[in-house]
Amino acid sequence: ASFVGIGKPLNDLQNPEYDENGYTLYADETTGEKKRVFEALVEYPAVFKMKIVGQDDENETFAPEIVEAVAKSCGVDLSMVKNTKRKNGKWTSVTVHAPVKSADMLYALYASIDENPRVKFKF
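So, how was this worked out
Residues numbered from 1 in each chain as written. Predicted model: local features only at pLDDT ≥ 70, side-chain atom pairs only at ≥ 80, totals over all residues. Heavy atoms only, no water. Core = buried A, V, L, I, M, F, W, Y, C linked by side-chain atoms within 4.5 Å. Buried < 20%, exposed > 50% of the residue type's maximum accessible area, 1.4 Å probe, protein only. Helix = DSSP H or I, 4+ residues; strand = E, 2+ residues; numbered from the N terminus. Contact = heavy atoms within 4.5 Å. Expected span 1.5 Å × (residues − 1). Pairing = 2+ DSSP bridges. Axes fitted to C-alpha atoms, helices over the stretch in contact; angles between N-to-C directions.

(A) Here's a closer look at the nonpolar core. Grouped together as the largest cluster of nonpolar side chains are 27 residues, with contacts concentrated most on Ile66, Val70, Val96, Val100, Leu109 and Ile113. Elements supplying a minimum of two residues to this core: β3 (46-55), α2 (62-74), β5 (91-100) and α3 (103-114). By residue number, the principal contributor to this core is α2, which donates 8 residues. Apart from the residues lying within four places of it in its own chain, the contact partners of Ile66 are Ile52, Val94, Val96, Ile113, Asn116 and Val119.

(B) Expanded view of α3. Compared with the 16 Å implied by 1.5 Å per residue over 12 residues, the 17 Å span of α3 between its first and last C-alpha is a close match. Along its buried surface, α3 packs onto β2 (34-36), α1 (37-41), β3, α2, β5 and β6 (119-122).

(C) Inspection of the sheet that holds strand β4 (residues 82-88) at higher detail. The sheet built from 4 strands is open, its strands ordered β4-β5-β3-β6 with antiparallel pairing. The open sheet has two edge strands, β4 and β6, and neither has a second partner. Ignoring which end each strand starts from, the neighbouring axes of this sheet average 25° apart. Pairing of β3 with β6, which is carried by 3 bridges, proceeds in the antiparallel orientation. When the bridges of β6 are listed, Gly54 appears paired with Val119.

And the structure:
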């Protein structure tokens, strides 16, 4: 049996639905089943690309800190985290390729990145 949506779209981008922990929910367009976004839209294991922007210091420690946080969260050696860095004025952006094994690991990685007070944006 397939799910037929009538009325508003299942995934209203202007008015997203959240679970009890504040995670965005995504409804499967076929079944109507709701899951957290990274559970619904990413197949695991995966190499998840993310960009983190933050304020660097004179010793340029921001990028190494981010790469270390990714490696620790993913349970891998630093050498396993492919990354690139760009500096633009006072901001540094670090693009990392995080080897995640599950949605829970990916959510934990985001939480770990959030702990760094120099992080301004992540996407």
